[in-house]
Structures are given as structure tokens and as C-alpha cells.
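# Survey of secondary and tertiary structure
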Amino acid sequence: MRMVDIIHNKRSGQALTDDEIKFFIEGYTKGDIPDYQAAAFMMAIYFQGMNSQETAVLTKAMADSGETIDLSGIKGHKVDKHSTGGVGDKVTFIVGPLVASAGVPVAKMSGRGLGHTGGTIDKLEAIDGLEIEMSKERFVEIVNTHKLAVAGQTGNLAPADKKLYALRDVTATVEAVPLIAGSIMSKKLASGADSIVLDVKTGSGAFMKTMEDSEALAKEMVAIGNNLGRKTIAIISDMNQPLGFEVGNANEIKEAVDILKGAKVDDLRTLSLEIASHMTVLAGAFSHYDEARTALEANLENGRAFEAFRRFIIAQGGDAGMIDDTSKLPQAKFHLDIKAEEEGFVAEIDAESIGTAAMYLGAGRATKEDAINHAVGITLKKKIGDPVQKGDVLVTLHADTESPENAVQKVRQAYRFSPEPINRPQLIHKVIGD
Ligand code: URA
């Protein structure tokens, strides 16, 4: 078998055989197939797609490319969640502690930023000392003791995805149903949770921009999970504007902590409660959704969820002082207000542009080698539906340079106004597989 023929077959729209897909994943993981052929292959898949059989084989081959994590040492029904990636998506920092506060173990493997979207691990590293790499034994011990641990993808967990994820990030090949499904589900299968709740984003800031594509992705992933013995459901949630008000790293941690301390940031709090409620029901902690939702809301109010977050931070070596007092998190040198030049109602905030602006400030990577600046980011002051007067602050940029012109321009391009009142977008579109 030759890789060039496999690329050619996919480029001309053929369905690949199981052996061709396995040949690629094994060869690329070992380093026998170079990045340039893998990049060409990803682009061919991007344009030609894959059918469900090809996607399932790709996913299984990626999951089998390395170790699978044995979580049998963790007591209880383990649930995991995964988002397909969005802007301002700090849901894991709220959902993890919430689910843990209900006594359900969360053993979370998370990734770094991808394209214009942020990554859980990059954000967590804004907290001094927090260790995201640890032995399996330590990971299991933390989950057993505190019900929550978050680790980066270790070298051996789905290594095919680790390499492909970094490659796709810089070759404009992220936004494809089989590639996203394979990437997410291979990690979920290799990391051993009993049940999985997927947060599939749809809209301008998501990799899948239309409901049709998002639903296709959700159905593909739910089928793969259930066929391989994991109870899987997908929530399709809106990403037509950033989630919450903060986009970056340290500032996203701050916003999540505010919610864990009882703040009522509407979309972020609602989506977190929705995901956490489904997770705890799948785990059997509650018999139905409404019961779960009421109990979890109470845990946001009574401080139990914040306490669960605090215990997890300390267990992983992080400085809890930074979440007790979030002004101790990294702070940018300059804060620049961008003001409205017209009046009206906010009709659109292109979330991808906001994510790209945050990346220009240094909150994300343009190349594999770039370092993250945890202090910089964006605070939205106006969201879709809000009335705006000329001169009102739309956004504050937190930057380490005095005039970050390219970020300012991107943010300006992101906002569109209407003279007529605008409804706020629906947050939760559908639940698949419930
Ligand atoms: N999240 C992942 O883990 N992989 C993708 O391809 C997209 C989002």
C-alpha cells in the first residue's frame, strides 16, 4: 500500500477500505508517513468527506493508536463531557465541579486551543503551579478523593489524534465532520469513561456553522459512542456569539469562578447546568433531569460546587489563592475600550472574529510553537439583543501592547447592528440520543 494512492483515492471521492484507513493511522503515528502527506490527506477528507463506516474505522484506529486508560480503579459511574470547541467556552470549569459536587466522578482529559477556539488546558495553566501532567495512579487517586481531575492528553492517549490535532490546527483542516468526530471520540473511547455528554456547538464561532452540519456531527458521534458501549448524548448549543462575556485564558477562569460563587451570567450558567444535569442523570445520581437540575442549582448557591473546584485546584498543585481572589490571576498591561460608532441593537457578534482577535492578542496560537499569553483577552460589554448608544463600550481588550491594531479591527468587524430590536439567540437547540 502507498500513501500517495490513498490520498489520490480520497481526493477523487472514493470510500476508503478499512485497511487503507488503518494503514494511514498506524504509519502516521509511527512517523513513517510524513506531515506533508498527512496534511494532503486531511485536505482531501475535508473536501470529499467520509461515510459513517469510514468515520467509525478512523475513530477506532485512532483510539487504538496508543494506550487506553484503565479507569476501573475509580469508584462509581464515570462521566465525561467534551465540547466541539467554541469561543469563550469555559463550561468545563463549571460543569466539572458541579458534577463532582453531586458525588459523581469526573475524570477529564482535555486539549489545548485549536484554531480560533480556546482550550481547557491552556486556560487552566493561567493558575500558578497547576499540574496537568500526572501519572495514571495519581489521576485515579485525585478522582477517587476529590471526584474531579483534569489532565492533558498524555503522549500515549490516542497519539494519532495528538499529532493530527496539531497538524489540522495549522493546515485549515479542522472543520470536517469525520475529522472532528474521529478526534473527539477516539480520545473519549481511549480514556475510559462510562458515559459521555457531548456539547456540539453550532453557529458563527463553531467549527460547524449550520444546524445541518452540527446535527450530522452530533449523530455521528452519538452513534460511535453507543456502538462501542458508552452511553452517549449530544446537546447542540448556540455559538453565534461567544459564551459568557470573557474570551481569553485567565479572564475565562475568573468568569467561571464568579459563576461557581453564585453569579448569574445567563447563557454560561444555563448551558453548564444543562450539561451537568444530563451527566448526573446518565451516572444514575438522579432519576430524572428536573431533580438533577434543582440539586445542582442549589450547589451553585450553597458553595458546594466552588468548594469542589477549589479542592481540585489544590490537589493538582494550583494556587487556590488565585481563585479565592481572582485579581491575583495574570493581568494584562493595557485595557482598551472599543466604543460603538452607531446606535441600535446588537444583531450579530461573529464569534470566530472575536476568537481570532483574542489569538492576535496572544491568547491563542498561530503556529504549533507559539506560547500562550494567559493575561490577555477580551471582555464583551454588549451581546446580541442589547441596545447600544453611540459611544457605549462594546468590548474591552486586555493587551500587552499599547495599540493592538489588528485585534481592534477584527473586533470591529465582528459587530453588526440593527435599528430594530433583536431577539437573543436560542441557547440550546436540541438534545440527541437522550
Ligand atoms: N475538539 C477536538 O478534540 N477535536 C476536534 O477536532 C475539534 C474539537
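Quick summary incoming for the structure in this document. All values derive from a computational prediction rather than experimental measurement.

### Describing unusual backbone geometry
Phi is positive for K147, which is not a glycine, with a value near 70 degrees. With respect to the helices and strands, the residue K147 is situated in the loop between α7 (136-146) and β3 (148-152). Positive phi outside glycine occurs at A172, with the angle close to 55 degrees. Of note, A172 is situated in the loop between α8 (159-169) and α9 (177-190). Judged by relative accessible area, which is 55%, A172 ranks as exposed.

### A word on the side chain of T280
With respect to the helices and strands, T280 occurs in helix α12 (residues 266-282). Since its relative accessible area comes to 0%, T280 is described here as buried. Reaching out from T280, the side chain makes a polar contact with the backbone oxygen of S277 at a distance of 3.0 Å. Among all residues touching T280, those that are not within four sequence positions of it are V99, A102, V104, A285, F286, A292 and L296.

### Considerations on the sheet that holds strand β10 (residues 387-388)
The sheet built from three strands is open, its strands ordered β10-β8-β12 with antiparallel pairing. Since the sheet does not close on itself, it has two edges, and those belong to β10 and β12 (415-418), each with one partner. Against the sheet, helix α17 (residues 405-414) contacts β8 (344-349) and β12, and its axis sits at roughly 30 degrees relative to β12.

### Some points on the nonpolar core
Counting residues in hydrophobic clusters, the biggest one holds 80 residues, and the most contacted among them are I354, I378 and Y415. Built from parts of two domains, this core gets at least three residues from each of domain 2 (79-325) and domain 3 (330-418). The contacts of I354, once residues within four sequence positions are left out, are V87, P242, V247, I349, I378, L380, V411, A414 and Y415. Listed in part, the 24 residues of the second largest apolar core include M3, F24, A38 and L164.

### A closer look at the sheet that holds strand β9 (residues 377-380)
Spatially, four strands are ordered β6-β9-β11-β7 in an open sheet, and the strand pairing comes out antiparallel. Whereas interior strands pair on both sides, the edge strands pair on one side only; in this sheet they are β6 (246-248) and β7 (334-339). Strand-to-strand twist of the sheet, defined as the mean angle between neighbouring strand axes without regard to direction, takes the value 15 degrees. Summarising the sheet, β6 and β9 pair through three bridges and their orientation is antiparallel.

### Observations concerning the site of the ligand
In the vicinity of the ligand, the contacting residues are H82, T84, L114, Y165, R168, I180, S183, I184 and K187. At a separation of 3.1 Å, an oxygen atom of the ligand approaches a polar side-chain atom of H82. With respect to the ligand, the side chain of S183 contributes an N or O atom lying 2.6 Å from a nitrogen atom. Protein contact buries 96% of the 240 Å² of open area that the ligand shows by itself. Looking at the shell around the ligand, the elements with two or more residues in it are α8 and α9. In terms of residue count, the dominant contributor to the shell around the ligand is α9 (four residues).

### Quick word on the packing of aromatic side chains
Inspection of the entire model under this criterion finds five aromatic pairs. A network of ring pairs unites the aromatic residues F24, Y28 and F41 as a single cluster. The ring of Y28 carries K163 above its face, with NZ or CZ at 4.3 Å from the centroid. K383 extends its terminal NZ or CZ atom over the ring of F245, reaching a point 5.2 Å from the ring centre.

Rules of the game
The written sequence of each chain sets the order in which its residues are numbered from 1. Thresholds applied to this predicted model are a pLDDT of at least 70 for local features of residues and 80 or more for the giving and counting of side-chain atom pairs; totals over whole chains, interfaces and linings are not thresholded and use all residues. Side-chain numbers come from the whole structure's heavy atoms, not from hydrogens or water. Numbered from the N terminus, helices here are DSSP runs of H or I no shorter than four residues, and strands are runs of E no shorter than two. Exposure categories follow from relative accessible area, calculated using a 1.4 Å probe and restricted to protein chains: below 20% of the type maximum is buried, above 50% is exposed, and the middle band is partly exposed. Counting of polar contacts relies on pairs of N or O atoms within 3.5 Å, with two restrictions inside protein: one atom must be capable of donating a hydrogen and the other of accepting it, and residues adjacent in sequence are counted only when both atoms are side-chain atoms. It only takes one pair of heavy atoms within 4.5 Å for two residues to be counted as in contact. Whether two strands pair depends on DSSP finding at least two bridges between them. Interaxial angles span 0 to 180 degrees and are taken between N-to-C directions of axes, which are lines fitted to C-alpha atoms, for helices over the stretch in contact. Among buried residues, the Ala, Val, Leu, Ile, Met, Phe, Trp, Tyr and Cys ones that are joined through side-chain atoms within 4.5 Å form a nonpolar core. Each domain's limits were defined by an automated method or a database of domain assignments. We call a residue near a molecule or strand when any one of its heavy atoms sits within 4 Å of it. Per-residue and other accessible areas were derived by the Shrake-Rupley procedure at a 1.4 Å probe size, with only the shown protein chains allowed to occlude residues. Pairing of aromatic side chains here covers Phe, Tyr and the six-membered ring of Trp, requires ring centres within 6.5 Å, and sorts the geometry by plane angle: under 30 degrees stacked, over 60 edge-to-face, intermediate tilted. Only when the NZ atom of a Lys or the CZ atom of an Arg is both within 6 Å of the ring centre and within 35 degrees of the ring normal do we say a charge sits over the ring.

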